[in-house]
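# Coordinate inspection notes
Read off the chains here:
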Amino acid sequence: QVQLVESGGGLVQAGGSLRLSCVISGSIFSINLMGWYRQAPGKQRELVAGITRGGNTNYADSVKGRFTISRDNAKTTVYLQMNSLKPEDTAVYYCNVRAGVGNRDNFWGQGSQVSVSS
């Protein structure tokens with residue numbers, strides 16, 4: 001059974017940094033996309049950053065220049081380095097993996113709380 005286990009969230013002051021990690025346990029065939037989403041209270045879940053099989057990355061405009069997504073070569077761990085954090089970055093962050101033909105397989109982590117104080 002596949003599980004995505006997140007770690008690294010917490011409370012930080014504005015301007016600080018955190019690094020989220022997401023470890024994939026179990027086997028996922030043909031990963032196409034790995035990414036991070038977030039959901040703040042009362043808001044819809046939104047894409048923060050993604051990385052394709054080929055290593056191309058994309059970011060939400062609100063985090064460009066501050067956040068960096070990366071993964072290990074074995075594609076079993078995906079990271080989100082978050083610098084210059086702002087109070088508006090406060091949210092639950094979710095790891096996501098999409099795999100298979102047409103991204104038919106969609107896996108989510110359990111969520112990791114990130115809180116940024118002003």
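The structure under discussion appears in the preceding block.
Attention in this report is confined to the structure presented alongside it. Remember, predicted model here, so these are calculated numbers, not experimental data.

Our focus in this paragraph is the pairing of strand 4 (residues 31-39). Burial analysis of strand 4 places seven of its nine residues in the buried class, which makes it a mostly covered element. Relative to strand 9 (residues 91-99), strand 4 is paired through eight bridges, and the arrangement is antiparallel. Within strand 9, the position partnered with Met-34 by the bridge is Val-97. Judged from the six bridges that link them, strand 4 and strand 5 (residues 46-52) form a sheet pairing that is antiparallel. In the strand pairing of strand 5, Tyr-37 is matched with Leu-47. Between strand 4 and the antiparallel strand that follows it, strand 5, lie six residues; Gly-42 among them carries a positive phi value of about 80°.

Relative to the helices and strands, Val-116 resides in strand 11 (residues 112-117). Overall, the relative accessible area of 8% leaves Val-116 in the buried class. Taking the C-alpha atoms as reference points, Val-116 and Leu-11, separated by 105 residues in sequence, lie 5.9 Å from one another.

For the structure shown, the criterion picks out one disulfide. The side chain of Cys-22 participates in a disulfide bridge whose partner is Cys-95; the two sulfur atoms lie 2.1 Å from each other. Because the torsion about its S-S bond is -80°, the bridge between Cys-22 and Cys-95 counts as left-handed. Pair noted here: Cys-22 is in strand 3 (residues 18-25) and Cys-95 is in strand 9, with a separation of 73 residues, a long-range link. On the basis of relative accessible area, Cys-22 is assigned to the buried category, the value being 0%.

Parameters and conventions
Residues numbered from 1 in each chain as written. Predicted model: local features only at pLDDT ≥ 70, side-chain atom pairs only at ≥ 80, totals over all residues. Heavy atoms only, no water. Buried < 20%, exposed > 50% of the residue type's maximum accessible area, 1.4 Å probe, protein only. Helix = DSSP H or I, 4+ residues; strand = E, 2+ residues; numbered from the N terminus. Pairing = 2+ DSSP bridges. Disulfide = S-S within 2.5 Å.

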